[in-house]
Amino acid sequence: MKTVIYVLSVCLSILLPSTVLALEIKGEWIQGGMVTGKTDPANNIEFLGRVVRINEQGIFVVGLSRDAKPSVQMTETFSDGSRRIHTFKVKQREYNEQRIEGVPKKTVDIPEEELPRIYKEIAQTKAARNIDSSLNSFLETFQWPAQGIITGIYGSRRFYNGKPGRPHYGIDIAAPQGSPVLAPSSGTITLVHKNMYFSGGTIIMDHGHGISSTFIHLHKAHVKEGDKVEQGQVIAEIGSTGRSTGPHLDWRMNWFDQRLDPQLLVDGLPTKNGDQ
Ligand SMILES: [Zn+2]
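In this numbering scheme, every chain counts its residues from 1 along its sequence in written order. Local features in this predicted model are restricted to residues of pLDDT 70 or higher, and side-chain atom pairs are both shown and tallied only at a pLDDT of 80 or more, whereas totals for entire chains, interfaces and linings draw on every residue. Each side-chain value is worked out from all heavy atoms of the structure, with water and hydrogens disregarded.

Q: I'd like a description of the domain arrangement of the protein, backed by residues and values.
A: By domain assignment, the protein separates into domain 1 (2-89) and domain 2 (97-265). For domain 1 and domain 2, the distance between their C-alpha centres works out to 32 Å. At the junction of the two partners, domain 1 supplies 21 residues and domain 2 supplies 23 residues. Counting the surface lost from both domain 1 and domain 2, the interface buries some 1,800 Å², and carbon and sulfur atoms represent 64% of this. The largest per-residue losses of area from domain 1 upon contact with domain 2 belong to Met34, Arg53 and Arg66, which jointly make up 40% of the total buried on that side. Note that the domain bounds were set by an automatic or database domain assignment. Two residues form a contact once any of their heavy atoms are found within 4.5 Å. By buried area we mean the combined loss of accessible area, with a 1.4 Å probe, across both parts when two parts are placed together.

If you want it as structure tokens, here you go:
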């Protein structure tokens, strides 16, 4: 009898290998893209050197930067310690060039005495983007945070007053000063700053699992740090603070330090009826 039970349990372990649940992936593997996945909640997922948070349903999210390599790997470790490495091909994009004239001189030629302030603000921004909360707001269908005309897109190589700068990581939506900025999904406000050196009035919002939105050049904030906001709630007013030449919203998204393209997450254009 003992032998029978033993044989049976061996058979079971063969019939039920730990890889019985296939990894499900949703979203496009593209530079700047956000990809969600589903695995057994007991498994472990590693991506870009980071152990990824998995919710009770087994859902997780990762993001790809502007310059993500043509191929990326994801390691799935099962509860028995075995692992499987998944390789994904990443669609490579071409970025345009954009020359911006007339931004404040001090935001292009940076006076040395401003550096401590700038470093402090970089650290504050980094800390807010590093938050790994259990919110699941990133699963909502994102909506445009403002209505207006797109004047800048993700990824462009940028020149400010003729001087090469960092690429543009956000999407610019031009609209009159004071126009409302709406939460693109629900979330928690993790940073409110009246006037950062480059980004002016700045708000960072957590959507969970390392996904965050950053809104910059704001005229006025209508929220404070720690506020929980609903999708569509007014969080700020559009302005032209920081390195800016006119009122617009610059909306950025991150998966931790990876810069995502917000436009990949919303449909149509930021106008009333979705076209221009
Ligand atoms: Zn911008």
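Q: Any chance you could break down the layout of surface pockets for me, citing the residues and the numbers?
A: Approximately 1,100 Å³ is the volume found for the largest pocket. Here a cavity denotes grid points, spaced 1 Å and computed from the protein atoms alone, that fit a 1.4 Å probe unable to get out, and a pocket denotes an open set having protein on both sides within 12 Å along at least 5 of 7 lines; residues with an atom within 4 Å of a point are the lining. The wall of the largest pocket is formed by 45 residues, among which Arg166, Phe198, Arg243, Arg252 and Arg259 lie closest to the centre. Broken down by secondary-structure element, the contributors of at least two residues to the lining of the largest pocket are β8 (97-100), α2 (115-129), β10 (157-160), β11 (163-164), β12 (171-174), β16 (211-221) and β19 (248-255). Examining the composition of the lining of the largest pocket, we find that 6 residues originate from one element, α2, more than from any other. Throughout, the ten residues Ala, Val, Leu, Ile, Met, Phe, Trp, Tyr, Cys and Pro are labelled nonpolar, Asp, Glu, Lys and Arg are labelled charged, and all others, Gly among them, are labelled polar. Residue classes in the lining of the largest pocket are distributed as 16 nonpolar, 16 polar and 13 charged. Grid points are joined across faces, edges and corners, and a volume is the space filled by probe spheres set on the points. The computed volume of the second largest pocket comes to approximately 470 Å³. Along the walls of the second largest pocket sit 24 residues, with Lys26, Gly27, Met34, Thr36 and Phe138 positioned nearest its centre. A helix here means a DSSP run of H or I that spans at least four residues, while a strand means a run of E at least two residues long, and both kinds are numbered starting from the N terminus. The element that contributes the greatest number of residues to the lining of the second largest pocket is strand β2 (residues 34-38), accounting for 5 residues. Per-class residue counts for the lining of the second largest pocket are 11 nonpolar, 6 polar and 7 charged. Looking at the lining of the second largest pocket, you find at least three residues from each of domain 1 (2-89) and domain 2 (97-265).

Q: Could you give me a rundown of the sheet that holds strand β3 (residues 44-47), with the residues and numbers involved?
A: Note: two strands are recorded as paired if DSSP finds a minimum of 2 bridges between them. Sheet architecture is open: 4 strands sit in the order β4-β3-β6-β7, paired in antiparallel fashion. Single-partner strands in this sheet number two, and they are β4 (50-51) and β7 (83-89). Sheet analysis places strand β6 (residues 71-77) next to β7, joined by 7 bridges and oriented antiparallel. If you follow Gln73 over to β7, its bridge partner there is Thr87.

Q: Describe the pattern of salt bridges, naming the residues involved and giving the relevant values.
A: When the charged atoms of two side chains lie near each other, side chains of opposite charge can form a pair. Here a salt bridge means any side-chain nitrogen of Lys or Arg lying within 4 Å of a carboxyl oxygen belonging to Asp or Glu. Counted by the stated rule, this structure contains 11 salt bridges. Close ionic contact of Asp172 with Arg158 constitutes a salt bridge, the shortest N to O distance being 3.0 Å. One end of the pair, Asp172, is in strand β12; the other, Arg158, is in strand β10, and 14 residues separate them in sequence. The exposure class of Arg158 is buried, given its relative accessible area of 6%. Each of Lys105, Asp109 and Lys163 takes part in a single network of salt bridges with overlapping partners. A simple rule labels every residue: compare its accessible area, found with a 1.4 Å probe on the protein chains alone, to the largest value its type can have, and call it buried under 20%, exposed over 50%, or partly exposed in between.

Q: Outline the coordination of the zinc ion, supporting the account with residue identities and numerical values.
A: Counted as donors are N, O and S atoms no farther than 2.8 Å from the metal, or 3.2 Å for Na, K and Ca; water is not among the atoms, and sites may therefore look incomplete. Taken together, His168 (NE2), Asp172 (OD), Asp172 (OD) and Asp250 (OD) make up the full set of protein donors to the zinc ion, lying 2.1 to 2.8 Å away. Mapped onto the sequence, the residues coordinating the zinc ion show the spacing H-x3-D-x77-D. You can see Asp172 sitting in strand β12 and its partner Asp250 sitting in strand β19, a full 78 residues away along the chain. For Asp250, a relative accessible area of 2% puts it in the buried group.

Q: Let's hear about the nonpolar core: which residues, and what values?
A: The nonpolar core is taken to be a set of buried Ala, Val, Leu, Ile, Met, Phe, Trp, Tyr and Cys residues, with the residues joined through side-chain atoms within 4.5 Å. Ranked by size, the top nonpolar core spans 45 residues in total, and within it Trp29 and Ile235 carry the most contacts. Counting contributing residues per domain, this core is built from domain 1 (2-89) and domain 2 (97-265), each supplying no fewer than three. Excluding anything up to four places from it in sequence, Ile235 contacts Val181, Leu182, Ala183, Ile189, Ile203, Phe215, Ala221, His222, Val223 and Val229.

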